[in-house]
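# Fold and contact review
Each chain is listed here by its residues.
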Amino acid sequence: MLSQRRIRLLAIAVVVIIIMTFYYSSEARSVQNQQFYRSTVAAMEAQKQAKEAGTAANIPPQKDQPKQNPIKEETKPAMDNDKEEPAIPKANNDADEVEEIPIAGRTKMTVPKNRNDPEKETSEQPQEQKSETDNHAAAVAELNGILKRAPIIVFSKSYCPYSAKAKSILLDKYSIVPAPFVVELDKHELGRPLQALLGENTGRRTVPNVLVNGKSIGGGDDVTALDQKDELASTLRSLGGKWVQEVHRKE
């Protein structure tokens, strides 16, 4: 066991340690308080100086600026070569070649005359169309009248060799009652519209065009081929029906 002397020394040492600890802790707190105070004061001073510096910076220093003389524009004299030509060309003295037309109701422009009269062209176009329509109607009426003349019709042209061949076979080589009716389109006043109408109705636009009761049996080569095959008479009887009374080859 510890002796009383040691216990006393130990107690004194503990008391001394406690006193020293308390002393140093209080000293440290005072030092910290002093540092906080100093830092606070320094911050306030710095903020004050910053405000003063900002106020001084907003006031621009006034300096004497030299006066500037205004720059005068130099005016150049107009040159004779810089004259602008008028936008509207001058009219010639020939009154038949030009005319004046109003622009926006204020000024007039001289322009060449239009030699083609638009009103005249417009009036001519309907007349041409009307003439074509009249010719077509006349051709239809004429064709109906021609088909009533005979059951066999030969549409021909007087200068065509193929037409001459077909006419020679039908008129000279065969005896047909009633006789075929020949229409020379180059001598007919409605020759062109008649030929165009035949092309629309029969699909054949060339001559000769041989029709039997309104049906085309072809041209010169077709008639020649039927004759050579000895089928022309039978073909005419078949298509002509009761309207073809007699068909036979001449001896």
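Residues numbered from 1 in each chain as written. Predicted model: local features only at pLDDT ≥ 70, side-chain atom pairs only at ≥ 80, totals over all residues. Heavy atoms only, no water.

- Going by an unreviewed UniProt entry, the chain carries the name Glutaredoxin domain-containing protein and comes from Aspergillus tubingensis.
- Under the UniProt heading Sequence similarities (unreviewed entry), the entry covering the chain gives this text: "Belongs to the glutaredoxin family. Monothiol subfamily." (UniProt positions renumbered as here; feature names shortened; annotations may be inferred.)

## A short note on helix 4 (residues 191–202)
- A rise of 1.5 Å per residue sets the reference length of helix 4, with its twelve residues, at 16 Å; its end C-alpha atoms lie 16 Å apart and thus fit the reference within 8%.
- Listed as buried for helix 4 are G191, L194, Q195, L197, L198 and G199. (Helix = DSSP H or I, 4+ residues; strand = E, 2+ residues; numbered from the N terminus. Expected span 1.5 Å × (residues − 1). Buried < 20%, exposed > 50% of the residue type's maximum accessible area, 1.4 Å probe, protein only.)

## Details of the pattern of salt bridges
- Under the criterion given, the structure shown has six salt bridges.
- Across the pair D227 and K173 runs a salt bridge, and its minimum N-O distance is 2.7 Å. Placement of D227 in helix 5 (residues 220–228) and of K173 in helix 3 (residues 161–173) is noted, with a sequence separation of 54 residues between them.
- Since its relative accessible area comes to 6%, D227 is described here as buried. (Salt bridge = Lys/Arg side-chain N within 4 Å of Asp/Glu carboxyl O.)

## What to know about the confidence of the model for the chain
- Taken as a whole, the chain shows an average pLDDT of 77; of its residues, 64% reach a score of 70 or greater.
- Below pLDDT 50 for its whole length, residues 103–107 participates in three contacts with residues either more than four positions away or in separate chains. (pLDDT = per-residue confidence, 0-100. Contact = heavy atoms within 4.5 Å.)

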